[in-house]
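# Coordinates in review
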Amino acid sequence: MTEFHALRVAEVRRETAEAVSVRFEVPQDLEKVFAFEAGQYLTVKTMIEGEEVRRCYSICAAPPEAELRIAVKALRGGRFSTFANQRLREGDVLEVMPAAGHFTAPGGAGAYVAFAAGSGITPVFSLMKTALMKDAQSRFTLFYGNRRSAEILFLEELAALKNRYMDRVEIFHFLSQEQEDMEFFNGRLDDLKCREILARLVDVAAAKMFFVCGPEGMMLAAEEALLAAGVAADKIRVERFVAAAMSPAQLESAMEAVREAAGRRMGVVLDGRRSTVVFDAALGNILDSVRAAGMPAPFACKGGVCATCRARLLEGEVDMKVNYGLTPDEVARKYILTCQSTPRGEGVVITYDV
Ligand code: FES
């Protein structure tokens, strides 16, 4: 089962005024446990002012670099991100879960294209380095949006990558609050800009895979532009750090499902033990009902993004509010995100032992 391990912080490196990267020391006996694929993330857990905080952060290192490093951008009001940027020091110990996530490359040589904005560069940077280091035939084109040049994460490392793999890398920076000489590179990566980029700068048919990571609006714009340019949906990989807001109608129907499910009994298998858990509508989801019953079901984001809380449905049906964490294949194999699920009737049985 997914579990946390105590890892010592080996380095906290300032990347920009608002972001640090954190390198963990991985003891030899945990090296296999913490092996990762480019594009994956780690879940970290710690106590901040007496409260347990869990967050997911993408790994910015590439597997060939043999280090485990995440990037953490300070968000206004963000508890862990502020803590990491202001107080975390070398030698501190954090609880860390092994790498997870599906924002990975299919493997093999090819031409890869990525749209990233802000800290959305983090997993893309890992994918980019990995593709270039591992395969001399791979190419990588990056379209990277930021507000100002001072906020560009990994600016120097990206430039170094460009120097090192000159003929296989293209990097285009777009700034929304700073004027560049060429008008085309001013502004956000919105729908129009993404369409222009694809028309002018990308051989769409030749690309093996497209990666998209950044704020919701930019991701929707890039995804729509890619689909409009004729890219097949299975060639587009999107990574969300937070779930998109639900519409009022979606929210109301989700709340209705929760109210109706009050008191339903569910069979829950965890660590080889089966127990009966009653769905508590006040808690609002299966995960919290399971944990309130004393079973230590794993979780991280509680927002339908990280898939740490996933379980498999053995019997019955559930309603899932949002799902950004499971692949269509996993959904077809009856995996559910328990932090987003409500039992649709009596007789639901789930297992976390997957
Ligand atoms: S805890 Fe992250 S998807 Fe449920």
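Because the structure is a prediction, the values reported are computed rather than measured. (Residues numbered from 1 in each chain as written. Predicted model: local features only at pLDDT ≥ 70, side-chain atom pairs only at ≥ 80, totals over all residues. Heavy atoms only, no water.)

## Some details on the domain arrangement of the protein
- Domain boundaries in the protein define domain 1 (5–100), domain 2 (111–239) and domain 3 (248–351).
- Inter-centroid distance (C-alpha atoms) of domain 1 to domain 2 is 24 Å.
- Taken residue by residue, the interface counts 18 residues in domain 1 and 18 residues in domain 2.
- Across the domain 1 to domain 2 interface the summed buried area is about 1400 Å²; carbon plus sulfur atoms make up 62%.
- For domain 1, the biggest contributors to the area lost against domain 2 are Thr16, Cys60 and Lys73; these three give 28% of the whole.
- Here domain 1 and domain 2 share two salt bridges between them. (Domains from an automatic or database assignment. Contact = heavy atoms within 4.5 Å. Buried area = accessible area lost by both parts, 1.4 Å probe. Salt bridge = Lys/Arg side-chain N within 4 Å of Asp/Glu carboxyl O.)

## Description of the side chain of Arg54
- Relative to the helices and strands, Arg54 resides in strand S4 (residues 51–58).
- Arg54 sits in the buried class, given a relative accessible area of 9%.
- Engagement of the side chain of Arg54 in a polar contact is seen with the side chain of Glu52, the distance being 2.7 Å.
- Here Phe299 takes part through its backbone oxygen, which lies 2.5 Å from a polar atom of the side chain of Arg54.
- Not counting chain neighbours up to four residues away, the residues in contact with Arg54 comprise Phe4, Val44, Lys45, Arg291, Phe299 and Ala300. (Helix = DSSP H or I, 4+ residues; strand = E, 2+ residues; numbered from the N terminus. Buried < 20%, exposed > 50% of the residue type's maximum accessible area, 1.4 Å probe, protein only. Polar contact = N/O pair within 3.5 Å; in protein donor to acceptor, adjacent residues only side chain to side chain.)

## Here we look at the pattern of salt bridges
- For the structure on display, the rule yields 25 salt bridges.
- The salt bridge partner of Glu67 is Arg23, with a shortest N-O separation of 3.9 Å. A residue pair is termed long-range when its members are at least 10 positions apart, and Glu67 in the loop between S4 and strand S5 (68–73) and Arg23 in strand S2 (residues 19–25) qualify at 44 residues.
- Looking at Glu67, the relative accessible area reads 25%, which means it is partly exposed.
- A salt bridge links Arg54 to Glu52; the nearest nitrogen and oxygen atoms lie 2.7 Å apart.
- Residue Glu52 is classed as partly exposed on the basis of its relative accessible area, which comes to 39%.
- By sharing partners, the salt bridges in this structure join Glu11, Arg23, Glu67 and Arg69 into a single network.

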